[in-house]
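Read off the chains here:
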Amino acid sequence: MPEKVLIIKGHIVDPSQGIDGIGSILIEKGMIKGLFLSNEFEGGSIHMRIIDAKGALVLPGLVDMHAHLREPGYEHKETIQTGTFAALRGGFTALCPMPNTNPVNDNATVTSFIIRKAFQEGYCKVYPIGAITKGQKGTELAEMALMYEAGAVAFSDDGRPVMNSLVMRRALEYSKVLDVPIISHAEDLTLSEGGVMNEGIISSSLGLRGIPRVAEDIMVARDIALAKITGGRLHIAHVSTSGSVELIRRAKQEGVKVTAETCPHYFTLTEDAVLGYNTNAKVNPPLRTSEDILAIKEGLRDGTIDVIATDHAPHHRDEKMLDFDNAPFGISGFETALSLSLELVREDVLTLNDLVTKLSLNPSNIMRISSGTLKVDSDADITIVDPHRKYKLTEEYIYSKGKNTPLLNNELTGKILYTITKGRIYCHEPA
Ligand code: DOR
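Described in the following lines is the structure provided in the data block. A quick note: this is a predicted structure, and the numbers were derived from the prediction, not measured.

Helix and strand counts for the protein chain come out as 13 helices and 19 strands. The C-alpha atoms of the protein chain give a radius of gyration of 21 Å, which matches the 22 Å a tight globule of 431 residues would have. Oriented by its inertia axes, the alpha-carbon framework of the protein chain measures out at about 65 × 45 × 40 Å. Taken over 431 residues, the protein chain has a buried fraction of 63%. Pairs at least 24 apart in sequence give 75% of the contacts found in the protein chain among residues at least 6 apart. Counting only carbon and sulfur atoms, one obtains 51% of the accessible surface of the protein chain, whose full area is about 16600 Å². Separation between the mean location of the 45 positive side-chain charges and that of the 55 negative ones in the protein chain comes to 3 Å.

Pairing is parallel across the open sheet formed by 6 strands, whose spatial order is β9-β10-β11-β14-β15-β16. The sheet terminates laterally at β9 (129-130) and β16 (307-308), the two strands that pair on one side only. In this structure, strand β11 (residues 182-184) lies alongside strand β14 (residues 234-236), joined through 3 bridges in parallel fashion. Paired with I183 across the strands is H235, a residue of β14. On the sheet, helix α4 (residues 165-178) packs against β10 (154-156), β11 and β14 and is oriented at approximately 145 degrees with respect to β11. On top of the sheet, helix α8 (residues 242-254) reaches β14 and β15 (258-262); it is set at about 150 degrees to β15, its chief contact.

Time to look at the sheet that holds strand β7 (residues 92-97). With parallel pairing, the 3 strands of this open sheet are ordered in space as β6-β7-β8. Two strands lie at the open edges of the sheet, namely β6 (62-67) and β8 (125-126), each paired on one side alone.

Another aspect to go through is the environment of I19. Here I19 shows up in strand β2 (residues 19-28). I19 sits in the buried class, given a relative accessible area of 10%. On a C-alpha basis, the gap between I19 and C124 in space is 24 Å, while along the polypeptide they are 105 residues apart. Look past the residues within four positions of I19 in its chain and what remains in contact with it is I12, V13, D14, L35 and L37.

Take the site of the ligand next. If you check the shell around the ligand, you find 14 residues, and the closest are R70, N100, N284, H315 and F329. Between the ligand and the protein, one listed contact pairs an oxygen atom with a side-chain N or O atom of R70 at 2.8 Å. When isolated, the ligand has an accessible area of 290 Å², and the protein chains bury 94% of it. For the shell around the ligand, a count of residues per class yields 3 nonpolar, 8 polar and 3 charged.

Bringing the pattern of salt bridges into the picture now. If you walk through the whole model with that rule in mind, you get 25 salt bridges. E347 is the salt-bridge partner of K297, the closest N and O atoms lying 2.7 Å from each other. Of the two residues, K297 is situated in helix α10 (residues 290-301) and E347 in the loop between α12 (337-346) and α13 (352-367); the sequence distance between them amounts to 50 residues. Judged by its relative accessible area of 15%, K297 falls in the buried class. Taking the relative accessible area as the measure of exposure, E347 reaches 39% and is therefore partly exposed. Among the charged side chains, a network of salt bridges with common partners joins E246, R249, R250 and D302.

What counts, and at which threshold
Residues numbered from 1 in each chain as written. Predicted model: local features only at pLDDT ≥ 70, side-chain atom pairs only at ≥ 80, totals over all residues. Heavy atoms only, no water. Helix = DSSP H or I, 4+ residues; strand = E, 2+ residues; numbered from the N terminus. Rg over C-alpha atoms; globule rule 2.2 N^0.38 Å. Buried < 20%, exposed > 50% of the residue type's maximum accessible area, 1.4 Å probe, protein only. Contact = heavy atoms within 4.5 Å. Areas by Shrake-Rupley, 256 points an atom, 1.4 Å probe, with all protein chains shown as cover. Lys, Arg positive; Asp, Glu negative; His and termini not counted. Charge placed at Lys NZ, Arg CZ, Asp CG, Glu CD. Pairing = 2+ DSSP bridges. Axes fitted to C-alpha atoms, helices over the stretch in contact; angles between N-to-C directions. Near = heavy atom within 4 Å. Polar contact = N/O pair within 3.5 Å; in protein donor to acceptor, adjacent residues only side chain to side chain. Nonpolar A, V, L, I, M, F, W, Y, C, P; charged D, E, K, R; others polar. Salt bridge = Lys/Arg side-chain N within 4 Å of Asp/Glu carboxyl O.

These results come straight from atomic positions and should not be treated as a statement about function.
Here's what the structure looks like:
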């Protein structure tokens with residue numbers, strides 16, 4: 001790692017300091033040591049590495065608060081090493097892996113294992129999410145305090161809902177004591193059981209069992225009600241329906257402590273992507289309708305939805321080769337998230353400042369991790385992206401073991417040039 005690095009001529013967007021303009025950033029020993037707007041710093045010396053970011057956006061490193069790294073237990077799908085490298089390629093400098101590993105991350109030993117392994121082999125910062133219940137079975141609370149002490153930053157049974165309302169109530173009460181978020185995978189299993197795609201005309205015509213939108217809405221409503229009586233910090237994962245957006249909007253207006261995320265596939269793709277029984281478009285919650293996309297975009301625009309997270313869910317090729325009913329749910333998302341999200345700026349749904357807030361600052365604040373800023377003396381976690389450059393998303397382009405995305409072979413716009421973590425520079429296209 002060079003001692004000093006100077007990033008020059010880039011368009012710096014840092015919502016944490018209200019910065020949106022051309023400037024330079026000086027990195028020394030892995031830390032940001034200067035941020036100079038316009039020509040304040042002409043800079044540079046032969047002892048520095050200079051990165052010319054002309055025409056590119058220079059952003060605080062992206063933070064993914066919802067990802068699946070699969071290790072321990074499902075290393076054929078992804079490992080901490082391959083997953084964190086794929087994240088880096090997607091511009092993420094920090095991520096939070098969900099606990100649905102094998103064994104489940106429901107105790108301090110697994111939490112510590114993930115942190116240690118990520119420290120040894122990881123390419124970006126990793127902050128694990130512990131399970132709410134033992135084995136994610138939904139019946140008995142896991143040792144949340146011990147996992148918290150070991151480094152877990154939030155709790156979730158993601159992949160499965162906590163169906164038992166009393167257990168969810170207790171989890172939210174506990175979260176208040178620890179002051180950490182409880183992340184709700186909102187799905188009423190009695191309504192969704194056996195479903196494999198959105199319930200509607202397309203599911204009927206394909207002869208596939210549907211998952212109604214109300215399966216999500218009901219649990220969002222329940223969890224908001226529980227957050228209200230407990231005062232716990234509730235975060236709704238992967239919002240996919242207009243109903244959820246409206247419930248969260250109203251809860252926020254009432255002052256309930258609720259935050260929410262959606263994922264790029266929920267504002268980019270509809271259930272049409274499933275046509276042809278494309279298992280790469282099988283995801284939970286399922287891809288919905290164009291009305292839902294409109295509502296999600298409005299929720300992002302008006303601040304109802306705080307965060308864009310990937311829900312990066314890599315699966316092995318052979319698993320996705322199964323028939324639609326039996327293939328696992330999930331879309332590989334690290335390496336497409338920023339391109340898809342930049343579309344929101346191109347469509348005038350979000351300003352650049354708002355986009356970066358949702359991809360970096362807000363997830364850092366919700367998870368209380370020290371990322372999401374370009375302030376002097378913070379770690380040099382920086383993403384540099386050319387927002388106009390186009391590329392074809394091929395299997396070869398995707399570094400993650402999971403090539404399972406319905407966007408394969410599409411042309412995407414917005415290419416990451418550099419991801420810098422703690423001053424360590426990863427150049428996506430070596431000169
Ligand atoms: O599609 C999904 N895949 N949704 C989830 O909630 C879990 C995830 C996984 O772990 O594969």
